[in-house]
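Fold and geometry: a report
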Amino acid sequence: MGASFSSIDWQVGDGWQPLIDAWRAGADGQRIEALLKARVAEGAVIYPPDPLRALRLTPLTNAKVVIVGQDPYHGPGQAEGLAFSVPIGQKLPPSLRNIFKELLRDLGQQPAMSGHLVEWAERGVLLLNTSLTVEDGAAASHAKKGWESLTDALIAATARDPAPKVYLLWGAHAQAKAPLIESAGQGHLVLQSNHPSPLSATRGPVPFIGCGHFSTAREWLAGKGVALSWALD
């Protein structure tokens, strides 16, 4: 079935840790912990193996771009704790194929050999799904169970930090997070388009294909003295 979840390591290091600890002490954190424990005991296969991986790879102090996803991939071996990313050797999901297509159109960047986006995460691109776990073959099975209050708090924390950031909000679900960013009043750049899914990538009002978000983010950050590379091996 591929790697699946058994238990969560809640230690994510400085920056994110106070938010994690406060959320775990509250009702939503306790509800998620009880849900995961019960479902594992019942034999459910849960992905990804490390739900907090994005936070470990991209500390709060390193975040320069935030890409908001929705739900982890629910197929065997796909989800790896980073929005849109899949492990080396996995077939590219359709949305990720369109992300690479837009990188080629926008920057002339040839598609990577795999859909493994760890290099982005290590360079400060926070790849955050709003729900952090899912059950095998059951899309959105852990949505609206409590994760969203944590991921909203994480997004709000990035927005309160004054270091310049670009938010790439693709699709209505991600765009719903815009008020969390704008209310912080730090002057971050918020870019919005349709989702890269084949169902919406070329449709209006703002098609993903042609949005130019990758070059816009790079140029805006460069103007703030912050380097950003989208290159992938």
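What comes next is a walk through the structure. Here the residue numbering is sequential within each chain, running from 1 through the sequence in written order. In keeping with the model being predicted, local features are shown solely for residues with a pLDDT of at least 70 and side-chain atom pairs are shown and tallied solely at 80 or more, while totals for entire chains, interfaces and linings include all residues. Side-chain figures throughout are based on the complete set of non-hydrogen atoms in the structure, without hydrogens or water.

Three or more residues of helix H9 (residues 213-223) are buried, namely His-213, Phe-214, Ser-215, Ala-217 and Leu-221. Where H9 is buried, its residues meet strand E2 (65-69), helix H4 (94-107), helix H5 (118-122), strand E5 (166-170) and strand E6 (189-193). Here a helix means four or more residues in a row that DSSP labels H or I, a strand means two or more in a row labelled E, and each is numbered from the N terminus. Downstream of H9 by one or two residues, Gly-225 has phi in the positive range, about 80°. Residue burial is assigned from relative accessible area. The probe radius is 1.4 Å, only protein chains are included, and a residue is buried under 20% of its type maximum, exposed over 50%, and partly exposed in between. What makes two residues a contact is simply this: any of their non-hydrogen atoms within 4.5 Å.

With that settled, the discussion passes to the side chain of Ser-193. Locating Ser-193 in the fold gives a position in strand E6. Those residues in contact with Ser-193 that lie beyond four places of it in its chain are Leu-169, Trp-170, Gly-171, Gln-175, Val-206, Pro-207, Phe-208, Cys-211 and His-213.

The next thing to look at is the pattern of salt bridges. A carboxyl oxygen of Asp or Glu within 4 Å of a side-chain nitrogen of Lys or Arg is what we treat as a salt bridge. For the coordinates displayed, the defined rule picks out 11 salt bridges. For Arg-56, the salt bridge is made with Asp-9, and the minimal N-O distance between the two is 3.9 Å. With Arg-56 in helix H3 (residues 53-57) and Asp-9 in the segment before helix H1 (17-25), this pair connects stretches of sequence that are 47 residues apart. Overall, the relative accessible area of 44% leaves Asp-9 in the partly exposed class. One salt bridge connects Arg-105 with Glu-102, and the closest N-O pair in it is separated by 2.8 Å. Taken together, the positions of Arg-105 and Glu-102, both in helix H4 and 3 residues apart, correspond to about one turn of that helix. Several salt bridges converge on common partners, so that one network encompasses Asp-9, Asp-50 and Arg-56.

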